[in-house]
Structures are given as structure tokens and as C-alpha cells.
Amino acid sequence: SSSSSSSSSLEYAGKLLSRLERRAGADAVASRIEENEDREEKQEELRGAKQQQQQQQQEGEGQEQEELFPAPRVQIYRWESILEATENFDPSNQISGAGAGAREGASCHFLASRLLSRHPVCVVKLLHGVSEDALVSSVARSSLLRHPHLLPFLGLSIDPTSGQAVLLLPFASRGSLQDHLLPQVPSCGSSTLRLHPSPPPPLSWTSRVRILAQVSDALRFLHSGGCVHGGLSSSSVLLSASSSCKLAQPSPCSLSALEQQRQRGLVDPLLALTASFEELNDAFDLGLLLLLCLTGLPLVDPSSSAEPLLLDRCGDLLAGREEAMGLADPRGEWREEEAEEIAKMAAALTSSRRARRATVEEAQGKLQELLLRQGLSWRGGEEEVRVCGFCWGDADIRFHCQHASCCRNCAGALMHAQQEMTCPACGKKVEGMTVMMRS
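Residues numbered from 1 in each chain as written. Predicted model: local features only at pLDDT ≥ 70, side-chain atom pairs only at ≥ 80, totals over all residues. Heavy atoms only, no water.

Enquirer: Whenever I open this one, the overall build of the protein chain confuses me. Can you help?
Expert: Scanning the protein chain from N- to C-terminus turns up 15 helices and 13 strands. Expressed as a percentage of its 439 residues, the buried residues of the protein chain come to 47%. For the protein chain, the proportion of contacts with a sequence separation of at least 24, taken over those separated by at least 6, is 64%. Total accessible area on the protein chain stands at roughly 21,500 Å², and carbon and sulfur atoms take up 48% of it. (Helix = DSSP H or I, 4+ residues; strand = E, 2+ residues; numbered from the N terminus. Buried < 20%, exposed > 50% of the residue type's maximum accessible area, 1.4 Å probe, protein only. Contact = heavy atoms within 4.5 Å. Areas by Shrake-Rupley, 256 points an atom, 1.4 Å probe, with all protein chains shown as cover.)

See the structure below:
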């Protein structure tokens, strides 16, 4: 029975993969038709992309290349492997989201170990109430886009009995931007606080601006392919082990655009008029993210999730009647000039008038310029920053399994507390460790 279940799972997933390939082929044909119809515009875009690529090469930053609609790369995993890696979705492995019976379109995340060879620990996103059409659309988009600041898609699996689907994603070892900016606000989307006994260290204003520049670059890339994110928030911006961020793409959802924004507690005024996502809605969400990075205030009142907080508190700031330093988060150590620039950008991005709302591309240029004036690169990630999985200090201990995930103080405490210490990354018994020397 186990083998028949496994074969039916692969057969069902194979049919889904065929749908994805057909969709990818249709997208490629549509792209060629569009190119023939508007050749001049496409040529101009290609020239701009080439100039941007040459500029990035001159900067000498070894970033992975952008790929817009390449060949499909969908890896299908047996459902039995998912159950084994998550220990049958044991609650102790859950890091975010509601459990069974969550609202339509909601999802929850589980840690899975030793499932993928290149990722000792990955995240299994368990989807609820998602139609097959919505799943195909989401997987097709996620698997056909590659960008340095988009969270890559690793694969999927489907329970052939119930039709339950899961997506496989990389594990963000430093949690989300929300974890760092709002550690005091409990949230079902907070993975880091569930894994670490102490709150993460605060982000400096330069780190926040760099993250915002990287997010805007990912959005710019999506828009260049005719895609709209539609779900940008601090919990969807994930921080990797290096000093860069990855923007998670939204979960497949059968809800309308308006219903999705109503659930978060705040609706873009332009979306209320059109009822469908467009690029300017991503600009509005980026403006909210700028305000969050500047002020450290949550989007809605934690004591009443239906009451807006961020825009209400920042109303005078956005209207130019209040100075930015009056609301600036002291943990970010903001300087007056940069704080005022971020406030002005946020006001332009959240304007309720279509003609006055700034675009993501305009904000991206200003964010990059702000960092360049300080002699800083907006790309970041030149040097990997390993963080202790227990105290958030520098991870200067490397186990013999080659994983570096704790500092020498925590390693000593763990060895004293446990007779058989295991690596937090791969689960193997620790046979020995070495101290990494830092230059």
C-alpha cells in the first residue's frame, strides 16, 4: 500500500508538472508575440538591461544573474519524504502560521531536516484551501523567476489522498525583517522568535536602507516581467546568513486582491477603486515598509488587529507637518537627513492620488543613491555573516560536519548540558569542532 501511495503521489504530481510545462510554453509564445508587436519598446528594455548588467559587472559584485521566464525547474518530492522530514508535521517543528482549519489561502511553515542534499534544513510551507488552478499559477511563477533577492523555489509535494499541497523553500537563518523590527509584537508569521530564546539585535539605519533597496530591486524585476507581488510585508522579507535579503513570493490564494488586503487590516486606496493588483499597489506596500523601517511601528495595533496604527501615527509626518526624527526608531540610530529622505519617499509611495504616487523604480534609485553617498553598496552580502543559533553572536565554531551555527560559549554550555550534542543544522552527532579564525 505504501508503494501504491507513493506511485499515485508521483503520478498526480507528474500531471501537475505537465500543466506547468504547458503554461510555461504558453507564456513563452505570448512573450514572443508581444515582442513582435512592440519590438521597439522591447529593444529599449534590452538596452537598459544590458547597461544595468554592465554596471553591476563593473562594481565587481558576484551576484547570481536575473532570469526572466527560463525553462521550468520544478522538483517533485514524494509525500512520504515530506512526512518523514517534518515528523508527520509535528507541532514542535512548526515555526509559523495557524494549524488546521486556517482561513482560505493561509499557510503554515515547518522545518524539515535532511530532505534536500544542498539544504540540510529547509522550510515546508503547508497550504490550506488552495485550488489547483491557484497552485499551478503560483508554482509556475515561482519556478520561472530567478533573482538575487527573490526567495528561490525548491520544489513541491502533494498528498494524493487529500490533495494537500506543500511548497519547499530555503530556511532563512536570520528570520524576517519583522522579527528584527518588531520583536515585541507576537505574530504567527514570526519564525525567528520561536527558534531563539533571545530577541535579535537591532538593525542600523544603513542595514534597513540596504534591505529596502534590495526589496525594491526584486519588485522592479517582477514588474519587468509583468508580475505583481501583491503581498509585500515585513514578514515576507527574509534575511539570509549573508548581509542580504530574500523577498518571499506570496502564497497561492483563491481570495480576491481586495479581500487579501482587508485581512491584513489596511487597504490601498487605489486598490479599493480597481479591486485588482497592479504595480502601484506594490509601491504603496513599499511605502509602508519604509515607514516601518523608519519608525519601528507595526502596521496595525497589536491589541486590536482591526485598528490601523502605522498610517494614523504617521499622518502628520506624511503631510509634512512633523519632523521625521520625532518618530524615528532610536534603535536604528537614524540621522536627520536620511530620516527626512525616507519620510519623503514614503509619502510619495503612499499617495492616494494615482498621478502623484511614486513608482517602485523611482524609489529604488533614491534608496541606492542614499547608500552610495555614504560610500556603501546597496547589494551587500560581500562577506557571509554566520550567526549563532542561540545567542545571536558571531558563530565562530565549526563542527566536523562542516556546519557553523553557534559560538564557543554556547557550544561549551550545550556540551555540558547534553551527553550527546547534535548539530542544529543537520542533526548529526557532534564528533568534534574547530574554532574559526577571523581576520
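Okay, back to it.
Enquirer: Just checking my understanding: could you explain empty space enclosed by the protein for this structure?
Expert: Over the atoms, a rolling probe the size of a water molecule traces out where space has been left empty. In the structure shown here, the tally under the stated rule is two cavities of 30 Å³ or more. Computed from the structure, the largest cavity encloses a volume of approximately 100 Å³. Residue lining of the largest cavity: K125, S138, S142, L151, F153, L167, L169, A248, Q249, P250 and S251, and that is the complete set. Among the secondary structure elements, those contributing two or more residues to the lining of the largest cavity are α4 (132-143) and β7 (165-170). Counted by class, the lining of the largest cavity contains six nonpolar, four polar and one charged residues. (1 Å grid on protein atoms, 1.4 Å probe; cavity = no way out; pocket = protein on both sides within 12 Å on 5 of 7 lines; lining within 4 Å. Points joined across faces, edges and corners; volume = space filled by probe spheres on them. Nonpolar A, V, L, I, M, F, W, Y, C, P; charged D, E, K, R; others polar.)

Enquirer: Explain the pattern of salt bridges to me, please; I cannot follow it from the model alone.
Expert: When the charged atoms of two side chains with opposite charge come close together, those side chains can pair. By the definition in use, this model includes 11 salt bridges. Linked by salt bridges that have partners in common, E337, E341, E369 and R373 make up one network. (Salt bridge = Lys/Arg side-chain N within 4 Å of Asp/Glu carboxyl O.)

Enquirer: Sorry, what's going on with the pairing of strand β6 (residues 155-158) here?
Expert: Of the two faces of β6, both are covered, the one formed by G155 and S157 as well as the one formed by L156 and I158. In terms of strand pairing, β6 meets β7 through four bridges, oriented antiparallel. Residue pairing for β7: I158 is matched across the bridge by A165. Taken together, β6 and the strand that follows it, β7, pair antiparallel across an intervening segment of six residues, in which G163 is found at a positive phi of about 80°. (Pairing = 2+ DSSP bridges.)

Enquirer: Could you clarify how one ought to interpret the packing of aromatic side chains in this entry?
Expert: The geometry of an aromatic ring pair comes down to the distance between the two centres and the angle between the two planes. Applying the stated criterion across every chain yields a total of three aromatic pairs. Each ring, one from F89 and one from F110, has its centre 5.1 Å from the other, and the planes form 70°; the classification is edge-to-face. With a gap of 21 residues between them, F89 in the loop between α3 (79-85) and β2 (94-96) and F110 in strand β3 (residues 107-113) connect regions that are remote in the sequence. No difference in accessibility class separates F89 from F110, as the two residues are buried. Look at W205 and W334: their rings are 6.0 Å apart centre to centre, the planes differ by 35°, and that puts the pair in the tilted class. Placement of the pair is W205 in helix α7 (residues 205-224) and W334 in the loop between α12 (315-318) and α13 (336-349), with a sequence separation of 129 residues. W334 carries the same exposure label as W205, and that label is buried. (Phe/Tyr/Trp six-rings, centres within 6.5 Å; stacked < 30°, edge-to-face > 60°.)

Enquirer: What is the right way to read the nonpolar core from this model?
Expert: Across soluble globular proteins, you tend to see nonpolar side chains buried next to one another. Ranked by size, the top nonpolar core spans 51 residues in total, and within it V215, V237, L286, L294 and I342 carry the most contacts. Taken together, the elements giving at least two residues each to this core come down to α5 (177-181), α7, β8 (237-239), β9 (245-247), α10 (279-295), α13 and α14 (360-372). For this core, the element with the most residues is α7, which contributes 10 residues. Once residues lying within four places of it in the same chain are set aside, the contact partners of V215 are L232, V237, C245, L286 and L289. The next biggest cluster of nonpolar side chains, apart from the first, holds 16 residues, and it includes Y77, I82, L126 and L168. (Core = buried A, V, L, I, M, F, W, Y, C linked by side-chain atoms within 4.5 Å.)

Enquirer: Please clarify how the confidence of the model for the protein chain should be interpreted in this entry.
Expert: Caution applies to low-pLDDT regions: their predicted coordinates should not be interpreted in detail. A residue-level look at the protein chain finds 63% of positions with pLDDT of 70 or above and a mean pLDDT of 75. When mean pLDDT is compared element by element in the protein chain, α13 scores highest at 96, while strand β1 (residues 67-68) scores lowest at 50. Counting contacts from residues 68-72, a segment whose pLDDT is below 50, to residues more than four positions away or on other chains yields 15 contacts. (pLDDT = per-residue confidence, 0-100.)

Enquirer: Sorry, what's going on with the sheet that holds strand β4 (residues 121-127) here?
Expert: Neighbouring strands of a sheet are bound in pairs by backbone hydrogen bonds; such pairs are parallel or else antiparallel. Spatial strand order, β2-β3-β4-β7-β6: five strands in an open sheet with antiparallel pairing. Either end of the sheet is taken by a strand with one partner, and the two such strands are β2 and β6. Each adjacent strand pair in this sheet contributes to an overall mean axis angle of 30°, direction not counted. The strands that α4 touches are β4, β6 and β7; relative to β7, the one it contacts most, it runs at about 20°. (Axes fitted to C-alpha atoms, helices over the stretch in contact; angles between N-to-C directions.)

Enquirer: Sorry if this is basic, but what is going on with unusual backbone geometry here?
Expert: One non-glycine residue with positive phi stands out, namely E87, at about 55°. Examined against the element boundaries, E87 turns out to sit in the loop between α3 and β2. Positive phi values are uncommon outside glycine, yet N88 reaches one of about 60°. Looking at the element boundaries, N88 is found in the loop between α3 and β2.

Enquirer: In this structure, what is going on with the packing of α7 against α10? I would like to understand it.
Expert: Pairs of packed helices are described in terms of their axes, by the angle between the two and the distance that separates them. Contact pair α7 / α10: the axes reach a minimum separation of 11 Å and the direction vectors enclose 175°. Considered as vectors, α7 and α10 are oriented roughly antiparallel to each other. Along the contact surface, α7 presents R208, L212, V215, S216, L219 and H223, while α10 presents E279, D282, L286, L289, L290 and C293. Split by residue class, the contact of α7 with α10 holds seven nonpolar, two polar and three charged. (Parallel < 35°, antiparallel > 145°, perpendicular 65-115°, else oblique.)

Enquirer: Is there a simple way to explain α4 in this structure?
Expert: Along an α-helix, a turn takes 3.6 residues, which lines up residues three or four apart on a common side. If you check α4, its first and last C-alpha atoms are 16 Å apart, about what 12 residues at 1.5 Å a residue would give, namely 16 Å. The buried fraction of α4 is high, at nine of 12 residues. (Expected span 1.5 Å × (residues − 1).)

Enquirer: What is the right way to read the packing of α7 against α14 from this model?
Expert: For the pair α7 and α14, interaxial distance at closest approach is 9 Å and the crossing angle is 150°. Considering the relative orientation of α7 and α14, their crossing is left-handed. Side by side, α7 and α14 meet where W205, T206, V209, R210, L212, A213, S216, D217, L219, R220 and H223 of the first sit next to V360, Q364, L367, Q368, L370 and L371 of the second. Grouping the amino acids of the contact of α7 with α14 by side-chain chemistry returns nine nonpolar, five polar and three charged. (Left-handed = near helix turned anticlockwise from the far one by under 90°.)

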